[in-house]
Amino acid sequence: MGDPGRPPSPWSPHGSSPTLSTITVLLLLCAHAHSQCKILRCNAEYVSSTLGLRGGGSPGALRGGGLCRALRSYALCTRRTARTCRGDLAFHSAVHGIEDLMIQHNCSRQGPTAPPPPRGPALPGAGAPSPDPCDYEGRFSQLHGRSPGFLHCASFGDPHVRSFHHHFHTCRVQGAWPLLDNDFLFVQATSSPVASGAIATTTRKLTVIFKNMQECIDQKVYQAEVDNLPAAFEDGSVNGGDRPGGSSLSIKTANPGSHVEIQAAYIGTTIIIRQAAGQLSFSIKVAEDVARAFSAEQDLQLCVGGCPPSQQLSRSERSRRGAMNIDTARQLCKEGLPVEDAYFQSCVFDVSISGDPNFTVAAQAALEDARAFLPDLEKLHLFPLDSGVPLSPAIFLAPPLSGLLALWLCIQ
């Protein structure tokens, strides 16, 4: 579902150079590739070809005819293994990545290809024991020598949406809207007016789909509604199923009926769903690569682009008189939110419009989740004038050393 009036998302292929974020995640989970699919062999041959090109250390070494020959060979290899790779996410991501790179470097589809690379010695560490393929953080740290990056998004109250880019919107959204829609995760919030004719809405239902991941989990669906926060997935299970990595997805309740936490270690993700004041709140900490793994058709995600302009409440709408005096609402919110930031302002709006002091709990919990989930606490408090800092995707020009190591580890 798209909004023609909304500018392209900074992560959408419409708005910036395409990335290979999906490939990054899939390489971390490369142990899941079908045994008959030879995409890892194609990856390795491409890596070997570009290693030779990088030997001179010149910044433009990868931009000449050598790179185009390597890309044509890479494309040829994927075509030869296409039949056995149907349905393999790593294969399809590689195909799209090759097309992106050929366009980026002005490579023609027809022309000479690179000769088959000779088998060389394994890269340092290639023989080391591989970490659990369903432990995203552990595998990322071993392959890259650092911890992965994470992003935070939340929706609570009216609803108020804090996006991955640190934009903070108060929204009028009614019906079902996607908070997230990527290759690994789908989250949908369904909202309705707080009262007949009211401009304010609250989330009454949340649906979370963890998509099937070989060896790690079966597809799992979690659905919560007001007054019904189950401590299990729809099929009654509390983990990812019977696959070897099934325990990498788990669900638990911190406070039955009002607080559920879902851990998805295989994609570096934690989700918290709460109920307060007759509404549902959503909060997520997710690995950057996972959050960025989506296509042009998945361009409407409130966590990525915030609420479309047509769905944002204006300042005048937010200033309308509600069911409670504004000074009383401010006093109630100030008790738990001493800093008059976006969370405080959201609390005042919700309490004054609804007349329900319990909305203070939703705003306070959202702030605490942000404190726990944000990698940079300097971004904790947002203020009305904050415009947010759009995040730039990592453009895949050529495999960095960590990427080379990941590919080689996959084929050992």
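1. Section: the pairing of strand β9 (residues 259-264)
Now for step 1: Along β9, five of the six residues are buried, which leaves the element largely enclosed by surrounding structure.
Now for step 2: Examined bridge by bridge, strand β8 (residues 249-255) and β9 share six bridges and lie antiparallel to one another. Along β9, the bridge assignment pairs S250 with Q263.
Now for step 3: Hairpin connection between β8 and β9: a loop of three residues separates the two successive antiparallel strands, and G257 in this loop has a positive phi of roughly 90°.
Now for step 4: Across six bridges, β9 lies against strand β10 (residues 269-276) in antiparallel orientation. Note on β10: the bridge partner recorded for H259 is R274.
Now for step 5: What sits between β9 and β10 in their antiparallel hairpin is a turn of four residues, with G268 showing a positive phi close to 60°.

2. Some words on unusual backbone geometry
Now for step 1: A cis amide bond links D158 to the next residue, P159, at an omega of 15°.
Now for step 2: Structurally, the position occupied by P159 is in the loop between β1 (150-156) and β2 (160-162).
Now for step 3: Positive phi outside glycine occurs at N106, with the angle close to 55°.
Now for step 4: Relative to the elements of secondary structure, N106 occurs in the loop between α4 (89-104) and α5 (136-144).
Now for step 5: The exposure class assigned to N106 is exposed, which follows from its relative accessible area of 71%.
Now for step 6: One non-glycine residue, H166, lies in the positive phi region at around 70°.
Now for step 7: For H166, the position within the fold is in the loop between β2 and β3 (168-170).
Now for step 8: A residue is classified by how much of its surface remains accessible, and H166, at 14% relative accessible area, is buried.

3. Description of the environment of R41
Now for step 1: Residue position: R41 is located in helix α2 (residues 39-54).
Now for step 2: The exposure class of R41 is partly exposed, given its relative accessible area of 44%.
Now for step 3: In the structure, R41 is positioned 33 residues away from Y74 in sequence and 9.9 Å away in space, judged by C-alpha atoms.

4. Describing the packing of aromatic side chains
Now for step 1: Under the counting rule described, the total for this entry stands at six aromatic pairs.
Now for step 2: Taking the centre distance of 6.2 Å and the plane angle of 70° together, the rings of F156 and F168 count as edge-to-face. Taken together, the residues span a long stretch of sequence, with F156 in strand β1 and F168 in strand β3 at a distance of 12 residues.
Now for step 3: Of the aromatic side chains, those joined through ring pairs into one cluster are F156, F168 and Y343.
Now for step 4: Just above the ring of F150 sits the side chain of K285; from NZ or CZ to the centre is 4.6 Å.
Now for step 5: The aromatic ring of F344 is capped on one face by K334, whose charged end is 5.5 Å from the ring centroid.

5. Section: the pattern of salt bridges
Now for step 1: According to the stated counting rule, one finds eight salt bridges in the structure shown.
Now for step 2: Among the ionic pairs, R274 bridges to D369, the shortest N-O distance being 2.6 Å. Of this pair, R274 sits in strand β10 while D369 sits in helix α11 (residues 359-373); the two residues are 95 residues apart in sequence, bridging distant segments of the chain. For the pair shown, R274 and D369 are each scored as buried.
Now for step 3: The partner of R292 in a salt bridge is E288, and the shortest N-O contact between them spans 3.3 Å.
Now for step 4: Classification of R292 by relative accessible area gives buried; the value is 10%.
Now for step 5: Assessed through its relative accessible area of 26%, E288 is described here as partly exposed.
Now for step 6: Salt bridges here are not isolated pairs; linked through shared partners, they connect R330, K334 and E340.

6. Side note on the sheet that holds β1
Now for step 1: The strand order across the open sheet built from seven strands is β3-β2-β1-β11-β10-β9-β8, with neighbouring strands paired in antiparallel fashion. For this open sheet the edge positions go to β3 and β8, each flanked by a neighbour on one side alone. Put simply, the sheet's adjacent strands are angled 10° from each other on average, direction ignored.
Now for step 2: Bridging between β2 and β3 involves three bridges; their strand directions are antiparallel. Looking at β3, one finds that V161 is bridged to H169.

7. Remarks on the packing of helix α9 (residues 326-336) against helix α10 (residues 342-354)
Now for step 1: The interhelical angle for the contact between α9 and α10, taken along N-to-C directions, is 130°, at an axis separation of 8 Å. Judged by the inter-axis angle, α9 sits oblique to α10. Pair α9 / α10 crosses with right-handed handedness. On α10, the residues touching I326, A329, R330, L332, C333 and K334 of α9 are F344, C347, V348, V351 and S352.
Now for step 2: For the contact of α9 with α10, a count of residues per class yields eight nonpolar, one polar and two charged.

Rules used in this analysis
Residues numbered from 1 in each chain as written. Predicted model: local features only at pLDDT ≥ 70, side-chain atom pairs only at ≥ 80, totals over all residues. Heavy atoms only, no water. Buried < 20%, exposed > 50% of the residue type's maximum accessible area, 1.4 Å probe, protein only. Helix = DSSP H or I, 4+ residues; strand = E, 2+ residues; numbered from the N terminus. Pairing = 2+ DSSP bridges. Phe/Tyr/Trp six-rings, centres within 6.5 Å; stacked < 30°, edge-to-face > 60°. Lys NZ or Arg CZ within 6 Å of the ring centre and 35° of its normal. Salt bridge = Lys/Arg side-chain N within 4 Å of Asp/Glu carboxyl O. Axes fitted to C-alpha atoms, helices over the stretch in contact; angles between N-to-C directions. Parallel < 35°, antiparallel > 145°, perpendicular 65-115°, else oblique. Left-handed = near helix turned anticlockwise from the far one by under 90°. Contact = heavy atoms within 4.5 Å. Nonpolar A, V, L, I, M, F, W, Y, C, P; charged D, E, K, R; others polar.

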